[in-house]
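Secondary and tertiary structure notes
The residues making up each chain are set out below.
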Amino acid sequence: MWDAIPLLCIILTGILGILIYITYTNKLARRSAQARQAILKSLGISTTSNPKFIGFFHPYCNAGGGGERVLWTAIAATQRAHPNCISLVYTGDLDATKEQIIAQVEARFDISLDPKTLHFVFLKRRRLVEDAAWPRFTLLGQSLGSMILAWEALAQVIPDLYIDSMGYAFTFHVVAWITKGSVPMGAYVHYPTISTDMLARVKARKVGHTNRGDVAGSAVLSRGKIWYYRFLMYHYSLALSRPSFVMANSSWTKNHVDAILSHSDTFMNVLHYFSPFTILRIFTTAFRGPRKPHNEPISKKREAKIVYPPCDTREMAEFSLDARERIILSIAQFRPEKDHPAQLRAFAQLLADHPTYTSGPSSVKLFLLGGARNADDHARVQSLKNLAEELKITPHVQFIVNASYPEMLGWLALASIGLSTMVDEHFGINVVEFMAAGVIPVTHASGGPLHDIVVPLDGEATGFHARDSQSFADAMHTVLSMSKSEEKAMRERARTWAVSAFAEERFVEGWETAWKGWVQ
């Protein structure tokens, strides 16, 4: 009899846990219903119209980058095609009001939003997904932080369709548990949280943005990081398999996402089935939502669908291709992965190789234009200015932080070369903008710029690829020393390809196809 007491305690604890869970989630559902009524009232919409709520999880919706263009273009398209839907944006931009964000979207992207079907759900715990909050085990910390942030979001209001538009796949677990799997989910993946490329760099002990020098230099630390990445990859695969539909922004991203969706790790499977990690496995696989609307058959193999990001090239395509200034232009948020230091070093190499570019009619300037989201980004800008001083190129470099959309267009109309040095850039809207504006792109030979964007048109080049400071400098010199006819011909090819392949209309079509049917 006494031997049965521990088992009885476990059973009673489990029953109590289930009762607490059901009570809590039912409470959240009631609270959400009340919140939805209040939102409709604030928007001036009749509560009897029963509109559907589409939730977009995008903690940095006011950042002004390429990911935000995707978000706002999708919402604007939804407002036009589905006026009976309310777009909810879960954001941590507490320093801006709804009116200010809408105005910023119009100023930065020239996108008009209807405030009558748009509501912001403001989140107070965004710091939990910032790099600074997790100086060690950053990916794991940010993933856990995103789950807490998703809980804060759905504790305020639960949507009829949840879409992660910023890359926080681990939030799908929270949504599934809070809604008991009743709410369909979707993902637009700009860049996988972890990829086989990252694992390969650690195995090769190669220093990079995701692999610090002290780790790469230690066999023990590298071995530990490999196991850490294997654990993350296993759980990222489980998280990314939850959504009903997955969109990827390029062939590079799609290939990686497809590999993640089909990822298998025998050791991790055993570890999670025959150890205390079994509880974690249950948490990450319970409450699987529907995979297909309208009882359509479920395909055996899950794949991401390529939906190229929207690129509003209409105004840029009108810029003159003649009389460009000798300006090298970078357009990228001041984030670590954009690798702005590589741009400064490549430019310094160009000036060292060709001293005539430092003065006179042949002089060349580098302009770095980008958004700074927070104090970390502004500190990064200052460190870049310090690096420019160290490289002795400060007189030839200018930083333009948080420029408006018209200001960005002004620089695109003047520049000769568009510079992008990010390794494995998932897509590269900035590169498309370069090409549409007639700016010849010089990009890193990887990711979207290599495979999707800067590709030959009718067998002739539309730009250049490079891998290190010297090859970037050589490519920029090639452009600067082209004849007028060669230069104009390449600008025309680049523009023709960008405008035809990456028009905003194509994004809207792909977006509609992906989520059509999930909200009636």
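For the structure itself, look to the data block above.
Residues numbered from 1 in each chain as written. Predicted model: local features only at pLDDT ≥ 70, side-chain atom pairs only at ≥ 80, totals over all residues. Heavy atoms only, no water.

Observations regarding the overall build of the chain
Under the convention used in this document: In DSSP terms, a helix is any run of H or I states spanning at least four residues, a strand is any run of E spanning at least two, and both are numbered starting from the N terminus. Atoms counted for the radius of gyration: C-alpha only. Globule rule: 2.2 Å times residue count to the power 0.38. Think of it in three bands: with a 1.4 Å probe and only protein chains considered, a residue is buried below 20% of the maximum accessible area for its type, exposed above 50%, and partly exposed in between. For this analysis, residues touch if any pair of their heavy atoms sits within 4.5 Å. Each accessible area is a Shrake-Rupley result for a 1.4 Å probe, and residues are judged covered by the shown protein chains and nothing else. For the charge count, each Lys or Arg is scored as positive and each Asp or Glu as negative, with His and the chain ends excluded. For this purpose, a charge sits on NZ of Lys, CZ of Arg, CG of Asp or CD of Glu.
Tallying secondary structure elements over the chain gives 19 helices and 13 strands in all. Taking 520 residues into account, the globule formula puts the C-alpha radius of gyration at 24 Å, and the chain, at 25 Å, falls close to it. A principal-axis box enclosing the C-alpha atoms of the chain has dimensions of 95 × 60 × 45 Å. Counting over 520 residues, the chain shows a buried share of 53%. Considering only residue pairs separated by 6 or more positions, the chain has 76% of its internal contacts joining residues 24 or more positions apart. Carbon together with sulfur atoms contributes 59% to the accessible area of the chain, which is approximately 23000 Å² in total. Taking the 54 positively charged and 47 negatively charged side chains of the chain as two groups, their mean positions are separated by 8 Å.

A short note on helix α2 (residues 66-81)
Rules: Every helix has an expected span of 1.5 Å times one less than the residues it contains.
Its 16 residues give α2 an end-to-end C-alpha distance of 23 Å, which sits within 8% of 22 Å, the value for a rise of 1.5 Å per residue. α2 sits mainly inside the fold: twelve of its 16 residues count as buried. Among all positions in α2, only Glu-68, Arg-69, Val-70, Leu-71, Trp-72, Thr-73, Ala-74, Ile-75, Ala-76, Ala-77, Thr-78 and Gln-79 are buried.

A few points about the sheet that holds strand β13 (residues 464-466)
The following threshold applies: At least two bridges found by DSSP between two strands is the condition for calling them paired. To obtain an axis, a line is fitted to C-alpha atoms, over the contacting stretch when the element is a helix, and the angle between two such axes runs from 0 to 180 degrees between their N-to-C directions.
Ordered by their spatial adjacency, six strands build an open sheet running β10-β9-β8-β11-β12-β13, and the pairing between neighbours is parallel. Each edge of the open sheet is held by one strand with a lone partner, namely β10 (397-401) and β13. This sheet shows a mean twist of 20 degrees between the axes of neighbouring strands, independent of strand direction. As defined by bridge partners, strand β11 (residues 417-420) adjoins strand β12 (residues 440-444) across four bridges and the pair is classed as parallel. Residue pairing in the sheet places Gly-418 in a bridge with Pro-441 of β12. The sheet contacts of helix α17 (residues 469-480) involve β8 (327-331), β11, β12 and β13, and relative to β12 the element is tilted by about 170 degrees.

Concerning the packing of aromatic side chains
Stated formally: Classification of ring pairs uses Phe, Tyr and Trp, with its six-membered ring standing for Trp, and accepts pairs whose centres are within 6.5 Å; under 30 degrees between planes counts as stacked, over 60 as edge-to-face, and the remaining range as tilted.
Applying the stated criterion to the full structure yields 22 aromatic pairs. Between Phe-56 and Trp-511, the aromatic rings sit 6.2 Å apart at their centres with planes inclined by 15 degrees, giving stacked as the arrangement. Placement of the pair is Phe-56 in strand β1 (residues 52-57) and Trp-511 in helix α19 (residues 504-515), with a sequence separation of 455 residues. Across the pair, Trp-511 and Phe-56 agree in class, each one buried. Geometrically, the ring pair formed by Phe-367 and Trp-411 is tilted, given 4.4 Å between the ring centres and 35 degrees between the ring planes. Of this pair, Phe-367 sits in strand β9 (residues 365-370) while Trp-411 sits in helix α14 (residues 405-414); the two residues are 44 residues apart in sequence, bridging distant segments of the chain.

Looking at the pairing of strand β6 (residues 245-248)
Note on strand geometry: in a regular strand, side chains alternate between the two faces of the sheet. With burial as the criterion, each face of β6 is covered, one bearing Phe-245 and Met-247 and the other bearing Val-246 and Ala-248. In this sheet, β6 lies alongside strand β5 (residues 185-189) in parallel orientation, the contact comprising four bridges. Across the sheet, Val-189 pairs through a bridge with Ala-248, a residue of β6. Pairing analysis gives two bridges linking β6 to strand β7 (residues 305-306), with the strands arranged parallel. When the bridges of β7 are listed, Ala-248 appears paired with Ile-306.

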